[in-house]
Amino acid sequence: MLYGLMTEEINHSYDGGIYAELVRDRAIGRGFGSLVHWPMVARGNSAVEVSVDETTGPSAALPRSMKVSVTAATEAAPAGVENGGYWGIAVRPRTTYSGSFWAKTDAGDVPVTVSLQNDATGIIAAKTTVTGLSGEWKEFTYTLQTGAQPVSTNNHLILTIPRPATVWFNLISLFPPTYDGREHGNRVDIMELLAAMHPKFLRLPGGNYLEGDHIATRFNWKKTIGPWVDRPTHPSPWGYRSSDGMGLLEYLEWCEDLKIEPVLAVYAGYSLMQEHADPGAALEPYVQDALDEIEYVTGSADTTWGAERAKDGHPAPFPLRYVEVGNEDWFDRSGSYDGRFAQFYHAIKDRYPSLQLIATAPVKSVTPDVLDEHFYMSAEESFKRSNYYDDHPRTGPKIFVGEWATREGDPTPNLQAALADAAWMTGLERNSDLIIMASYAPLFTNVNPGAMQWAPDLIGYDALSSYGSPSYWAQVMFASNLGTEIIPAKLTGTATRIYTSVTRDEARHRLYIKLVNATSDPRQLTIILTGAGKVAPQAKLTTLSGKTPNATNSITNPRSIIPVKDTIAVAGPRFTETFRPYSMNVLELSYE
Ligand code: AHR
């Protein structure tokens, strides 16, 4: 379980990130009111006004809509609205896009033409017409099929009508093909990057995003399930509103698609602006929400919330072993966490005795199974702290390092950060009798100007492509070369900024030696395997290195620093190898 992922809506992680929706601000509602991403389209002599209508919407959750009043238009000169997506809409050749919208009109069956147009060339990549609108709110679906045009991101989705009429819209959506073909699922490229990390779990849904700035704006999971039209959307603490397309079920399906476990963080009655519910009766509704949430995740389809999940399209329960109560509750200056945690602990353990409960700050009144500790460090600190847990007492709770990162590089970490991460991870591995899970944070950023609130982030992307930072590759290398037990390893000699951890997979007869050379010089090391039987004469060596600590990857140069595989000769249980400057290395040895 050691290596996993931590996620929340930050830096456009979902909207404009892994959640594959192409349309920005698809929900017209409170907080999306300015229609800044929905400019008017008026061809020829047509005329149109676009406004938010506060009086009509498709549901109680979305009581507003975008009113498109066309006063002059023809087939040749239609009018309507357009959307430029999240810093562009990626259009690929010979691809089927699935779309939908809610609409009503005051003018009989007015046809709505939907198209994808390239901003520079004016070429329409795909086009279709939707009919059947009436005076009642209704959902319509459509498909856009592209031809042979080249890949591009400077595109708009355009909706027009060919005659004077008023049409009210909401939830205008367009999806490209998704990972594993999941309806309304995740971006293929980003999911592939995650799969290559061999993660074991996904800590969700935050982070600060779980807590919200205020109790009213917390991640209120019950408002993130079911049809979109029943999801009111909500403001996130990171400065933009969330569509809640990535709702609780979508998080769980994300885990399912990667074949990993959710580590479910439940809202614990505290929000970032120091609002909290006191332990006792005031906290009870939040405890009940958490119990309901656990039932939604794990209950069979004949339980109340399991039935709700089945209605949402997923009859089978999800696996769940770890539940985290809150996030970074050391920030709660009222001192209420001890009592809040205890109340959640007793209620959850009573009903689900096998669940392991994670506390986010030290508590005294009960002993949590696991304590979540967070570290955001400079490279210097990460190097120094590679021994942080070596002398940590083994008598208390297990440790989940639920957020950590070396913060150097922008928007994504550079090689120095990756080397420091690797040094830190050798410490996590060497102490993995105590540290049962660890996840880097934040995981994602959209690299476009204005999209990011926190740097650096492990994976960067724009509308079209994504890349892993050097720190991402460190994660890939560490997680995909991990034994099942720790082997004591000792560094002797002048080992300045050299770090190691050694693990063994006894069943597969493999030894994994991780070596970080964070110095500017090549380092010749003699490796002595005491107690080893026969060692295979060749070993696999994977190396991540660069010319300077500032070397890095970017959206325009995504593969400058990537692992390189080699084979080296192993003379026996004592052999010598030279490791490159600024490098992290994994040696995989086979033994009898
Ligand atoms: O990872 C960014 C933020 O850092 C998280 O939301 C929060 O838990 C921590 O303070």
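Note that this is a predicted model, so its numbers are computed, not measured.

The environment of the ligand is made up of E8, G207, N208, W238, N327, E328, Y376, E403, A441, P442 and W454. Between the ligand and the protein, one listed contact pairs an oxygen atom with a side-chain N or O atom of E8 at 2.5 Å. For the ligand, an oxygen atom lies 2.7 Å from a polar atom in the side chain of E403. The fraction of the free accessible surface of the ligand (280 Å²) that becomes covered by protein chains is 95%. Looking at the shell around the ligand residue by residue, the class counts come to five nonpolar, three polar and three charged.

Here L204 and P205 are connected by a cis peptide whose omega angle stands at -5°. Take P205: it is sitting in the loop between β12 (201-204) and α2 (208-211). Residue G206 is joined to G207 through a cis peptide bond whose omega torsion reads 10°. Unusually for a residue other than glycine, R94 sits at a positive phi of about 45°.

Attention shifts here to the pattern of salt bridges. Evaluated as defined, the whole model comprises 27 salt bridges. Between R187 and D189 there is a salt bridge, and its shortest N-O distance comes to 2.8 Å. Overall, R187 belongs to the buried group, its relative accessible area being 11%. Close ionic contact of R504 with E485 constitutes a salt bridge, the shortest N to O distance being 3.3 Å. Note that R504 is positioned in strand β27 (residues 498-505) and E485 in strand β26 (residues 485-487), a separation of 19 residues in sequence.

Thresholds, definitions, all that
- Residues numbered from 1 in each chain as written.
- Predicted model: local features only at pLDDT ≥ 70, side-chain atom pairs only at ≥ 80, totals over all residues.
- Heavy atoms only, no water.
- Near = heavy atom within 4 Å.
- Polar contact = N/O pair within 3.5 Å; in protein donor to acceptor, adjacent residues only side chain to side chain.
- Areas by Shrake-Rupley, 256 points an atom, 1.4 Å probe, with all protein chains shown as cover.
- Nonpolar A, V, L, I, M, F, W, Y, C, P; charged D, E, K, R; others polar.
- Helix = DSSP H or I, 4+ residues; strand = E, 2+ residues; numbered from the N terminus.
- Salt bridge = Lys/Arg side-chain N within 4 Å of Asp/Glu carboxyl O.
- Buried < 20%, exposed > 50% of the residue type's maximum accessible area, 1.4 Å probe, protein only.

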